[in-house]
Amino acid sequence: MRRQRPAAEFITYGVWTVLFGLWQFAPRGWGALWGGRPLLFVPFTVSVAMFTGPIGGGWIGAAAGLFWGIYADAPFGFHAFLLLAIGCAAGLAERFLLRNNGMAALLLCAVATLVVVMADWLWGTLFYLPQGAGVLLRRTGLPNAAHTLVWSWPVYAMMRATAKRLAKRR
Amino acid sequence: MYGGILLVKEFFKSRGFYALATAAGLLLAPVLYAAFAGGVSLFPQKVLSVAFTPLQTAVGGTAKEVGEAVTSLFGGGALRRENEALREEIAALRAGQVELDSLRRQNEWYHEFLELKAHHPDYRFAQARVIARDPADGFGNFTVNCGSAGGVTKGNPVITADGLVGTVYEVFPTSAKVRTVLDPQSPISVYVSRTRDHGITAPTAAFSSEGLLRIARLERTAKVRRGDVVVTFGSASCPEGLLVGELTTVYAASDGLSLSGTVRPFADVFQVIDVMVMVDFDQTAKE
């Protein structure tokens, strides 16, 4: 089950993590779609996990979550824990339950995005803002989830191309 | 099927999984600590923040240029110019309105940013730029590229030429996190400039998502009306008289003892890029 990962693989996915992070948090990097902005780290973590397995997916998820923690109004480590679990689960699902294709990526991204949106909402809104929590979910959380899903296929395609190139190098 | 279960079992017994589980535990510990102890900024967060601030600043600048180029490409250039002209016109009208209030009360606290500085030599600002916004945040909170190295401290007001945007709530060496006036976690003491009726901002999710701010605890007998200008009341960390917004509605509060209202902030908190952090002011200087 275990295989040695070359340094190039870690570096490549590390660079992708930084690029996706920089773009996700850029103040005017994305136009809003249905009033929401994409949480790019979610499809990124899921896609990487589908090509590297549960361990690689977990570590990349943790790295992406730490990046998220710098700018989020949530305790540092919250998103890292969440994305680590998502990366691990997505890698396991791909290995034992689903085929590695675009439809599976879309399905996993949908589930992962909902998990992140709900966790964010529960933490940030329900604990600190009991009044009007539903409004925030409807006007921010769900539009963000919808916009994220739009990006799940392109992100999966990018990661598939990256994985293919890395495999060819090996 | 049986083979699959065996493989899953093998995975959960692998060293890789144990390493991952340890990492998960380490990540969960500060989360639980923060839940009980309130906001904490950890050393790794500070290190990462210092490392990524220059990169995020560069990307933020580029993204702005790209966004503007795309807007111009699709014919938005003329609209944007018209919008800017209208904004200037609105700003001039607001200045006139508050000038009248100021004259009546011999109170000269309202000025556009440069004038504000000229009239308040005690105000010290640190120039900053919004470098990151968390898309998952519904209140427009953001991070600026100026931190403790630039003199920024927790509680500093963040303003634009239009008015108050928010307050700093977490400071790193080269960056700082800002909670906007729309965030329910940052209530501000305010008063209505024309009548000097005191109130407090009490944002709600419903109003914030429309870019509006709720103001509460206004005296029931207050003669406030739509269009009145709301300014900061002043505190140890925020000077008196910073523009907040314009009253859009006034209604009796549910308790029947006070008035509430909605305020449209002058500063566009969801779009703002260039801001000023007020790092110091003379607390003894009264308007």
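Above: the structure in question.
Worth saying up front: this structure is predicted, and the values here are computed from it rather than measured.

Rules and cut-offs
- Numbers given to residues run from 1 along each chain, matching the order in which its sequence is written.
- Throughout, the order in which chains and ligands are written sets their labels, letters from A for the former and numbers from 1 for the latter.
- Restriction of local features to residues with pLDDT of at least 70 applies here, the model being predicted, together with a cutoff of 80 or more for giving and counting side-chain atom pairs; totals for whole chains, interfaces and linings are based on all residues.
- For the side-chain quantities, the full set of heavy atoms in the structure was used; hydrogens and water were omitted.
- Between two residues, a contact is recorded if the distance between any of their heavy atoms is within 4.5 Å.
- A simple way to read buried area is as the amount of 1.4 Å-probe accessible surface that goes missing from two parts once joined, with both sides added.
- Salt bridge, as used here, is a side-chain nitrogen of Lys or Arg placed within 4 Å of a carboxyl oxygen of Asp or Glu.
- For this analysis, a polar contact is any N or O atom pair within 3.5 Å, provided that within protein one partner can donate a hydrogen and the other can accept it, and provided that sequence-adjacent residues contribute only side-chain to side-chain pairs.
- The helix count covers DSSP runs of H or I at least four residues long, the strand count covers runs of E at least two residues long, and both are numbered beginning at the N terminus.
- Just so you know the grouping, Ala, Val, Leu, Ile, Met, Phe, Trp, Tyr, Cys and Pro go in nonpolar, Asp, Glu, Lys and Arg go in charged, and all remaining residues, Gly too, go in polar.
- As used here, the term nonpolar core means buried Ala, Val, Leu, Ile, Met, Phe, Trp, Tyr and Cys residues forming a set that is joined through side-chain atoms within 4.5 Å.
- To sort residues, take the accessible area from a 1.4 Å probe on protein chains only and compare it with the maximum for the residue type: under 20% means buried, over 50% means exposed, and anything in between is partly exposed.
- Grid points spaced at 1 Å and placed over the protein atoms alone form the basis of the search, with a cavity being a set where a 1.4 Å probe fits but cannot get out and a pocket an open set showing protein on both sides within 12 Å along at least five of seven lines. Lining residues have an atom within 4 Å of a point.
- Grid points are joined across faces, edges and corners, and a volume is the space filled by probe spheres set on the points.
- Each helix should span, by expectation, one fewer than its residue count multiplied by 1.5 Å.

With respect to the interface of chain B and chain A
Reasoning step 1: At the junction of the two partners, chain B supplies 57 residues and chain A supplies 49 residues.
Reasoning step 2: For the pair chain B and chain A, the summed buried area comes to about 4,600 Å², and 73% of that belongs to carbon and sulfur atoms.
Reasoning step 3: Between chain B and chain A we count 2 salt bridges in total.
Reasoning step 4: A salt bridge links A:Arg139 to B:Glu210; the shortest N-O distance between them is 3.5 Å.
Reasoning step 5: The interface formed by chain B and chain A holds 9 residue pairs in polar contact (both at pLDDT 80 or more) in total.
Reasoning step 6: Taken together, the elements giving at least two residues each to the side of chain B that touches chain A come down to helix H1 (2–13), helix H2 (15–37), helix H3 (43–73), strand E1 (124–133), strand E5 (176–180) and helix H6 (205–208) of chain B.
Reasoning step 7: A class-by-class count of the residues in the side of chain B that touches chain A yields 33 nonpolar, 13 polar and 11 charged.

Side note on the nonpolar core
Reasoning step 1: Among the nonpolar cores identified, the biggest contains 51 residues, and A:Phe41, A:Phe44, A:Val46, A:Trp68, A:Leu83 and A:Val116 are the most heavily contacted of them.
Reasoning step 2: Listed by contribution, the elements that provide at least two residues to this core are helix H1 (7–25), helix H2 (41–71), helix H3 (78–96), helix H4 (102–126) and helix H5 (133–169) of chain A together with H3 and E1 of chain B.
Reasoning step 3: In contact with A:Phe44, not counting residues within four places along its chain, are A:Tyr13, A:Trp16, A:Thr17, A:Phe20, A:Ile60, A:Val155 and A:Met159.
Reasoning step 4: Residues B:Ile159, B:Leu182, B:Leu259 and B:Val272 belong to the second largest nonpolar core, which totals 42 residues.

Some words on empty space enclosed by the protein
Residue and element names in this part refer to chain B.
Reasoning step 1: This structure, assessed with the given rule, holds 2 cavities of 30 Å³ or more.
Reasoning step 2: Within this model, the second largest cavity holds a volume of roughly 40 Å³.
Reasoning step 3: Residue assignment for the lining of the second largest cavity shows that the elements contributing at least two residues are strand E2 (142–144) and E5.
Reasoning step 4: Here the residues of the lining of the second largest cavity sort into 4 nonpolar, 2 polar and 4 charged.

Description of H3(A)
Reasoning step 1: The end-to-end C-alpha distance of H3(A), which contains 19 residues, comes to 27 Å, matching closely the 27 Å that a straight helix rising 1.5 Å per residue would cover.
Reasoning step 2: Counting buried positions along H3(A) gives 14 out of 19 residues, so the element sits mostly inside the fold.

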